[in-house]
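So you can see what is in the structure, the chains are spelled out below.
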Amino acid sequence: MEMRCRCGDKCIRPISEMLKDIELFYKPCNDCKIGKIKKFSPLAEQINLDEIDEYFGSCKCGKRHLDIVISHVLKIMIDEGVKDKKANLRNSCVPLVTPGYPTDSVPYLPKDSLVILSNEMDKRCAERIIKEVGEVSGVLKGDIRKIVGIKDSDSNPHVYELLAGCDLRCDIVQTPYGALGIYKYQREIHIEFPKTKSPKIEILEKVMEEYEKPTVLDCTCGPGTLGIACLKANAQKVVFNDIWSPAIEITLINLEANGFPVKPSGSEEGLIASGDKFEVYSMDIRELANYLDKKFDICIIDTFPGVDTKEFVEAAGKLGKKVVLV
């Protein structure tokens, strides 16, 4: 399957390439300028806003401190009337670095390594940010407190609005079976901030230790993180499923990017795609039992925070011997 980004650019690369020198990706060089901006104090009281441009805080290596980049973004938001002159870095926007990789210090950003999210943004301001702030690849309008996606077939979906640029991000997820790279169109797939140790992966690891080569159903797969981790752990077979079609679209990309070639399905009803040791479906988990004729060793359920999982667990119980909530 061809991995092509919606924006038409070469945003999607094999994860093996992404991981090369990843530890150095956000590291400063010896000449990089240190960001000394107070996050809770108005930016306009610390810096002459007219001095902030693409060269402000720049280095010959091509990187700028995250706080300097966000200062540039905030300056434009103030110019455009999206924010007032009392605005500070902390309440400016939500910065989402890409690749998302846990670091022990504030990152220094190269070109096209940041997607920003703001509930106050407008299109004119967003387009100016993309034009003037080289580190920003995409600008989204939305509320971080509202999770994007869909719960089930009885619910309405929620998405952020892409105002400018490209919102594709990649999160690096560490697992006992090797690092994964998980791409997400951030307007449609919920935001997770990468950690050195993922609690979900830790739960999965304990379950996988009980089996040698289990069959796994990732009932609500999202971008495919847990199911791909199972494939890396040498599962006998993994079935991915999600009712949210953008999640399935990005799961297929993530399978390919992580080294699992995808073959689109033929005429088999309900099946979206398949590959060596995996299949991909897109339907309500309550209907999935009508299409799968075997019981899995493990059924994984990963729902949105606060969602009542009773129906999910009941449906998964018809499909698997062990139901795991993560």
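Residues numbered from 1 in each chain as written. Predicted model: local features only at pLDDT ≥ 70, side-chain atom pairs only at ≥ 80, totals over all residues. Heavy atoms only, no water.

### A closer look at the packing of aromatic side chains
Line of reasoning, step 1. Tallied over the full model, the rule gives two aromatic pairs.
Line of reasoning, step 2. Summarising the aromatic geometry, the rings of Phe 25 and Tyr 26 are spaced 4.8 Å apart at their centres and angled 90 degrees between planes, so their arrangement reads as edge-to-face.
Line of reasoning, step 3. Take Tyr 26: its relative accessible area is 5%, and that puts it in the buried class.
Line of reasoning, step 4. Note on Phe 240 and Phe 278: the rings are 6.3 Å apart at their centroids and 90 degrees apart in plane angle, and the pair reads as edge-to-face. Of this pair, Phe 240 sits in strand β10 (residues 237-241) while Phe 278 sits in strand β13 (residues 278-281), placing them 38 residues apart in sequence. The pair formed by Phe 240 and Phe 278 is uniform in burial state, with each residue classed as buried.
Line of reasoning, step 5. Between the NZ or CZ atom of Lys 294 and the centre of the ring of Phe 296, over which it lies, the distance is 6.0 Å. (Phe/Tyr/Trp six-rings, centres within 6.5 Å; stacked < 30°, edge-to-face > 60°. Buried < 20%, exposed > 50% of the residue type's maximum accessible area, 1.4 Å probe, protein only. Helix = DSSP H or I, 4+ residues; strand = E, 2+ residues; numbered from the N terminus. Lys NZ or Arg CZ within 6 Å of the ring centre and 35° of its normal.)

### A short note on the environment of Gly 306
Line of reasoning, step 1. Structurally, Gly 306 can be placed in the loop between β14 (296-301) and α8 (310-317).
Line of reasoning, step 2. By relative accessible area, which is 84% here, Gly 306 ends up exposed.
Line of reasoning, step 3. Along the primary structure Gly 306 and Asn 119 are separated by 187 residues, whereas in three dimensions their C-alpha atoms are 22 Å apart.

### Digging into the sheet that holds β13
Line of reasoning, step 1. As summarised here, the arrangement of the seven strands in space is β11-β12-β13-β10-β9-β14-β15, forming an open sheet in which the pairing is mixed. If you trace the sheet from one side to the other, it starts and ends with β11 (263-264) and β15 (320-325), each paired once.
Line of reasoning, step 2. Bridge count between strand β9 (residues 215-218) and β14: three bridges; the pairing is parallel. The partner of Val 216 across the bridge, within β14, is Ile 298.
Line of reasoning, step 3. Those strands touched by α8 are β14 and β15, and its axis lies near 155 degrees from that of β15. (Pairing = 2+ DSSP bridges. Contact = heavy atoms within 4.5 Å. Axes fitted to C-alpha atoms, helices over the stretch in contact; angles between N-to-C directions.)

### Description of unusual backbone geometry
Line of reasoning, step 1. The omega torsion of the bond from Thr 98 to Pro 99 falls at 5 degrees, within 30 degrees of zero and hence cis.
Line of reasoning, step 2. On the secondary structure map, Pro 99 appears in the loop between β2 (94-97) and β3 (108-109).
Line of reasoning, step 3. The phi angle at Asp 112 is positive, at roughly 55 degrees, despite the residue not being glycine.
Line of reasoning, step 4. With respect to the helices and strands, the residue Asp 112 is situated in the loop between β3 and β4 (114-118).
Line of reasoning, step 5. The class for Asp 112 is partly exposed, based on a relative accessible area of 39%.
Line of reasoning, step 6. With a phi close to 75 degrees, Lys 277 is a non-glycine residue in the positive phi region.
Line of reasoning, step 7. When you line up the elements, Lys 277 lands in the loop between β12 (271-275) and β13.
Line of reasoning, step 8. On the basis of relative accessible area, Lys 277 is assigned to the partly exposed category, the value being 30%.

### Concerning the pattern of salt bridges
Line of reasoning, step 1. Summed over all chains, the structure comprises 28 salt bridges.
Line of reasoning, step 2. A salt bridge links Lys 237 to Glu 279; its shortest N-O distance comes to 3.3 Å. Placement of the pair is Lys 237 in strand β10 and Glu 279 in strand β13, with a sequence separation of 42 residues.
Line of reasoning, step 3. Connected via shared salt-bridge partners are Lys 75, Asp 79, Glu 80, Arg 124, Arg 128 and Glu 132. (Salt bridge = Lys/Arg side-chain N within 4 Å of Asp/Glu carboxyl O.)

### A word on helix α5 (residues 225-232)
An α-helical turn contains 3.6 residues, so a residue and the one three or four places further along point in the same direction.
Line of reasoning, step 1. For α5, a buried count of seven out of eight residues is recorded, marking the element as mostly surrounded by other parts of the structure.
Line of reasoning, step 2. Along α5, the residues that are buried comprise Thr 225, Leu 226, Gly 227, Ile 228, Ala 229, Cys 230 and Leu 231.
Line of reasoning, step 3. Positive phi shows up at Asn 234, right after α5, with a value of about 75 degrees.

### Focus on the packing of helix α2 (residues 66-79) against helix α3 (residues 123-132)
Line of reasoning, step 1. Where α2 contacts α3, the two axes come as close as 10 Å, and the packing angle between them is 145 degrees. Read as a crossing pair, α2 and α3 show a hand that is right-handed. Seen from α2, the contacting residues are His 72, Val 73, Lys 75, Ile 76, Met 77 and Asp 79; seen from α3, they are Cys 125, Arg 128, Ile 129 and Glu 132.
Line of reasoning, step 2. The residue inventory of the contact of α2 with α3, partitioned by class, reads five nonpolar, one polar and four charged. (Left-handed = near helix turned anticlockwise from the far one by under 90°. Nonpolar A, V, L, I, M, F, W, Y, C, P; charged D, E, K, R; others polar.)

### Quick word on the packing of helix α4 (residues 199-208) against α5
Line of reasoning, step 1. Where α4 contacts α5, the axes come no closer than 11 Å and their chain directions differ by 40 degrees. Looking at the two axes, α4 sits oblique to α5. As for the relative orientation of α4 and α5, their crossing is right-handed in sense. Judged by residue contacts, Lys 200, Ile 201, Leu 204 and Met 208 of α4 engage Leu 226, Ala 229 and Cys 230 from α5.
Line of reasoning, step 2. The class makeup of the residues in the contact of α4 with α5 is six nonpolar, no polar and one charged. (Parallel < 35°, antiparallel > 145°, perpendicular 65-115°, else oblique.)

The quantities given are spatial measurements derived from coordinates; they are silent on function.
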